[in-house]
Amino acid sequence: MLRTHTCGELRKEHAGSEVTLSGWIRSIRDHNHFAFVNLTDRYGFCQVYFDENLKPQLEKEAYVQLKGEVKARPEKEINPNMATGEIEVICKEMKILSRSKVLPFELFDKIDVKEETRLKYRFLDMRRPQMIERLTMRSKIASAIRKAFEEMSFLEVETPVLVRSTPEGSRDFVVPSRVHHGKFYALPQSPQLYKQMLMIGGLDRYYQFARCFRDEDARRDRQLVHTQVDVEMATTQQEDVFRAVEHVMKTIFSDVLDVELKTPFPTYTYDEVMARFGIDKPDMRFGMELIDCGEAVSESGFVLFENALKDGATIKGIVAPGCAAYSRKQVSKLEKYIHQFQAKGLVAFKVKDGKLEGSPVKKMSEESVQKLYEKAAAQDGDLLLLCVGKSDIVHRSLGELRNYLARELNLIPEGEYNFLWVIDFPLFEWDEEANSWTPMHHMFSMPKDEFIENFEENPGDVKAQLYDLVLNGVELGSGSIRISYPEIQKRVMNLVGMSEEEAQKKFGFLLDAYQYASPPHGGIGMGFDNLVMTMLQLENIREVIAYPNASNGMFLYDGSPTPIECEQLDELHLNVVEKEEDEEANNEKSSEE
RNA sequence: GGAGACGUAGCUCAAUUGGUUAGAGUACCGGACUGUCGAUCCGGUGGUUGCGGGUUCGAGUCCCGUCGUCUUCGCCA
């Protein structure tokens, strides 16, 4: 070995011993006749003393190997902020193994560098203790997850990475076949179909860290490539999946964060969370629930409200605590925020001296103002904000506004981990564009028992054995009990407008498998990157991924994607069509054939 | 595909709102210092203001286009 110890492990009890260390030279503190250096590696950093003779060799951020003697520091020179602060190493001999160019940015934790630069030089960014810590936590969480699943007799099974392309769901990344002219593999959007077949295959309990590929625009919490903790269990009901996942969460929070979670996690129905929080992944660490004000203002005399109600609109509100002093400008900033969710605007009331104030009050009957005040149950100094419109828009807007205000007003308690299950999701939603019903999740989710007999009658009302795991307002995972009965599967496909031929063509391999007696089964897929991000209380998924992509799908550390050689294209039977100036002539976006 | 923000020294930012030679911190280079803790002190180098047009006596600043990063809507079964 090129070292006897790592840079982070030397302590007082090593004093007097001869050691060999390897690491990067960071922070040279030159005192003319001698110098101090922090020698660093993944494990920490260690102060090394260089005398006048050895000092000239020092080069910042060079990777060196050195021999020296560990010396206990005198009392007054101990650095309590440093794990190795009670000792230093007196360098006797140093060899530079590798030199460094001047760094594009410094490698401290509190750097303020454009992310673009950090991603381009990810290998340097990763040397920062903060990034080391994040990737270390990620690894620890992963191994705790494995431990927990193994305790419950789950098998880790790998599913294929080159799979059949399915047009359902998100856009596939596609891989051309060299051997099969004009044919393509796809990278899996998730192992969904393959894990279902594992259940038919009798594996009974499966989990996997699965890479999932989705050719969609990236977001703060979404990457082209992400890692999913994928789970499936046979002979199971919804609650069995919950208990298994809770065991895993309990284990990782206890092992990695030393946080003891209370289980079971509470469950809420989809309808309830939508009504109370406007959003299917509510953050329940704070209050500010939505208030249904339609009834209170139904006879207010205010044209805006009355006309809206006549058109079947929803009128809901939230109370922003202590915001009565908000200026018109501040309210309009909030309105601007909800414009992006198609909301028209906000009607604002200030709460003062036990009643509502503000310009809308003048347009309303005294009685309805009082009714609204009572309904809102707000305190003096609060601001009541009403949103009027189509129910899905009002819910989404207020739901997002609630989160926005909570962040703005610092209402979110730190260090709290609020888990919950959202159950009873609708099985179908109406797709305006396609003018048909589509599955809310995917078409293999089982309706709840009471809907099985005639779910065709009112598809929009059908609830499914479909659930999400939510942590602090982040959707961590989504799953369902699957349809293991070919008859029911056929009816669901029928309802979403998929003919038998089409179904055979796209999913025949799966539907055939179900002809051979499947145990009832279900499972869940959990976003591992999101889990790590939320556990570390970070806002951006890229902070917990070693090699993330930028928002336009570029990988800044290697510059991909790139064009490929003509020879490669020929071998794959591909032709790249130049993008034409005339967009109309080229509205088929695909440039590959 | 749409919207917004940003782009000035290697890095992070400033430039009195269109005014003359574009500044600061840090990094880098040189010097001083016998106990520092991302040392300190003194001095110095460093700029095609992302790129291309335009308006103007004059543009980092205004306009148009373009490229890049971030956020977001759409999209993400």
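Predicted model only: the values in this text are computed from it and were never measured. (Residues numbered from 1 in each chain as written. Chains lettered and ligands numbered in written order. Predicted model: local features only at pLDDT ≥ 70, side-chain atom pairs only at ≥ 80, totals over all residues. Heavy atoms only, no water.)

### What to know about the domain arrangement of chain A
And step 1. Once the domains are mapped, chain A shows domain 1 (12-98), domain 2 (132-268 + 420-543) and domain 3 (286-412).
And step 2. Each of domain 1 and domain 3 was reduced to a C-alpha centroid, and the two centroids are 62 Å apart. (Domains from an automatic or database assignment.)

### Overview of the side chain of Glu 246
And step 1. Within the secondary structure layout, Glu 246 lies in helix 5 (residues 238-257).
And step 2. On the basis of relative accessibility, which here comes to 3%, the residue Glu 246 falls in the buried class.
And step 3. Among all residues touching Glu 246, those that are not within four sequence positions of it are Thr 263, Pro 264, Phe 265 and Trp 421. (Helix = DSSP H or I, 4+ residues; strand = E, 2+ residues; numbered from the N terminus. Buried < 20%, exposed > 50% of the residue type's maximum accessible area, 1.4 Å probe, protein only. Contact = heavy atoms within 4.5 Å.)

### What to know about the pattern of salt bridges
And step 1. In this structure the tally under the stated criterion is 38 salt bridges.
And step 2. In this structure, the salt-bridge partner of Glu 500 is Lys 490, at a minimum N-O distance of 3.9 Å. Separated by ten residues along the polypeptide, Glu 500 in helix 14 (residues 500-513) and Lys 490 in helix 13 (residues 486-495) bring together distant segments of the chain.
And step 3. Taking relative accessible area as the criterion, Glu 500 reaches 48% and is therefore assigned partly exposed. (Salt bridge = Lys/Arg side-chain N within 4 Å of Asp/Glu carboxyl O.)

### What to know about the UniProt feature "binding site: L-aspartate" (unreviewed entry) in chain A
And step 1. Per the UniProt entry, the sites bearing "binding site: L-aspartate" (unreviewed entry) are Glu 168, Arg 214, His 441 and Arg 482 in this numbering.
And step 2. As for its position among the elements, Glu 168 is in the loop between strand 6 (155-156) and strand 7 (173-176).
And step 3. Residues within four places of Glu 168 in sequence aside, it is in contact with Gln 189, Met 443, Met 498, Lys 506 and Phe 507.
And step 4. Looking at where His 441 falls in the secondary structure, it is placed in the loop between strand 19 (436-439) and helix 12 (449-452).
And step 5. Apart from residues lying up to four places away in sequence, His 441 is in contact with Leu 466, Ser 478, Gly 479 and Ser 480. (UniProt positions renumbered as here; feature names shortened; annotations may be inferred.)

### Points about the nonpolar core
And step 1. Ranked by internal contacts, the top residues of the largest apolar core, which has 86 residues, are Ile 145, Met 249 and Leu 469.
And step 2. Not counting residues up to four positions away in its chain, the partners in contact with Met 249 are Leu 261, Phe 265, Phe 419, Leu 469, Leu 476, Met 526 and Leu 531. (Core = buried A, V, L, I, M, F, W, Y, C linked by side-chain atoms within 4.5 Å.)

### Some details on the environment of Glu 400
And step 1. As for its position among the elements, Glu 400 is in helix 11 (residues 391-408).
And step 2. With relative accessibility at 17%, the residue Glu 400 sits in the buried group.
And step 3. Remark: the alpha-carbon pair of Glu 400 and Gly 278, spanning 122 residues in sequence, is separated by 7.9 Å.
And step 4. Leave out the neighbours within four places in its chain, and Glu 400 touches Ile 279, Tyr 337 and Phe 341.

### A word on helix 3 (residues 129-151)
Since the α-helix turns once every 3.6 residues, residues separated by three or four places project in the same direction.
And step 1. Across its 23 residues, helix 3 extends 33 Å between first and last C-alpha, which sits within 8% of the 33 Å expected from 1.5 Å per residue.
And step 2. Among all positions of helix 3, only Met 131, Ile 132, Arg 134, Met 137, Arg 138, Ile 141, Ala 142, Ala 144, Ile 145, Ala 148 and Phe 149 are buried.
And step 3. Its buried side turned inward, helix 3 meets helix 1 (115-120), helix 2 (122-125), strand 9 (205-213), strand 10 (225-234), helix 5 and helix 15 (528-535).
And step 4. Of the residues flanking the end of helix 3, it is Ser 153, one or two places downstream, whose phi is positive at about 65 degrees. (Expected span 1.5 Å × (residues − 1).)

### Focus: the sheet that holds strand 12 (residues 291-292)
And step 1. Here five strands make up an open sheet; going across it, the order is 12-13-16-14-15 and the pairing antiparallel. For this open sheet the edge positions go to strand 12 and strand 15 (355-357), each flanked by a neighbour on one side alone.
And step 2. Examined bridge by bridge, strand 14 (residues 347-352) and strand 16 (residues 383-389) share four bridges and lie antiparallel to one another. The residue of strand 16 that forms the bridge with Phe 349 is Leu 384.
And step 3. The strands touched by helix 7 (residues 303-310) are strand 13 (314-320), strand 14 and strand 16; relative to strand 16, the strand with the most contacts, the crossing angle is about 40 degrees.
And step 4. Packed on one face of the sheet, helix 10 (residues 366-376) meets strand 12, strand 13, strand 14, strand 15 and strand 16 and runs near 110 degrees to strand 15. (Pairing = 2+ DSSP bridges. Axes fitted to C-alpha atoms, helices over the stretch in contact; angles between N-to-C directions.)

### A word on the environment of Phe 265
And step 1. When you line up the elements, Phe 265 lands in the loop between helix 5 and strand 11 (267-269).
And step 2. Assessed through its relative accessible area of 4%, Phe 265 is described here as buried.
And step 3. Sequence separation between Phe 265 and Leu 572 is 307 residues, and the spatial gap between their C-alpha atoms is 51 Å.
And step 4. The residues touching Phe 265, leaving out its near neighbours within four places in the chain, are Glu 246, Met 249, Phe 419, Leu 420, Trp 421 and Leu 469.

### Quick look at the packing of helix 8 (residues 328-339) against helix 11
And step 1. Running from N to C, helix 8 and helix 11 point in directions that differ by 130 degrees, and their axes come no closer than 9 Å. The angle between helix 8 and helix 11 places the two elements in the oblique class. Judged by the sense of rotation from one axis to the other, the crossing of helix 8 with helix 11 is right-handed. Taking contact as the criterion, the partners of Lys 333, Leu 334, Tyr 337 and Ile 338 in helix 8 are, on helix 11, Ser 397, Glu 400, Leu 401, Tyr 404, Leu 405, Arg 407 and Glu 408. (Parallel < 35°, antiparallel > 145°, perpendicular 65-115°, else oblique. Left-handed = near helix turned anticlockwise from the far one by under 90°.)

### A short note on the UniProt feature "site: Important for tRNA non-discrimination" (unreviewed entry) in chain A
And step 1. Following the UniProt record, the feature "site: Important for tRNA non-discrimination" (unreviewed entry) maps to His 31 here.
And step 2. Taking the relative accessible area as the measure of exposure, His 31 reaches 43% and is therefore partly exposed.

### Focus on the protein's contact with RNA strand B
And step 1. Ser 27, Asn 32, Asp 112, Gln 340 and His 441 are the nearest of the 50 residues found near RNA strand B.
And step 2. Atoms of RNA strand B within 4 Å of the protein belong to the sugar or the phosphate in 60% of instances, the rest to bases.
And step 3. Here a sugar or linking oxygen of RNA strand B sits 2.6 Å away from a polar atom, N or O, in the side chain of Glu 216.
And step 4. Residue Asn 540 places a side-chain N or O atom 3.1 Å away from a phosphate oxygen belonging to RNA strand B.
And step 5. Where the surface near RNA strand B is concerned, the elements lending two or more residues are strand 1 (18-30), strand 2 (34-41), strand 3 (44-51) and helix 1.
And step 6. Per-element tally for the surface near RNA strand B: the top contributor is strand 1, with four residues. (Near = heavy atom within 4 Å. Polar contact = N/O pair within 3.5 Å; in protein donor to acceptor, adjacent residues only side chain to side chain.)

### Things to note about the sheet that holds strand 21 (residues 474-481)
And step 1. Here eight strands make up an open sheet; going across it, the order is 6-9-10-22-21-20-17-11 and the pairing mixed. Every interior strand has two partners, whereas the edge strands, strand 6 and strand 11, have only one.
And step 2. In this structure, strand 11 lies alongside strand 17 (residues 419-423), joined through three bridges in parallel fashion. By the bridge assignment, Tyr 268 is partnered in strand 17 with Val 422.
And step 3. Seen against the sheet, helix 4 (residues 192-200) touches strand 9, strand 10 and strand 22 (521-527) and runs at an angle of roughly 25 degrees to strand 10.

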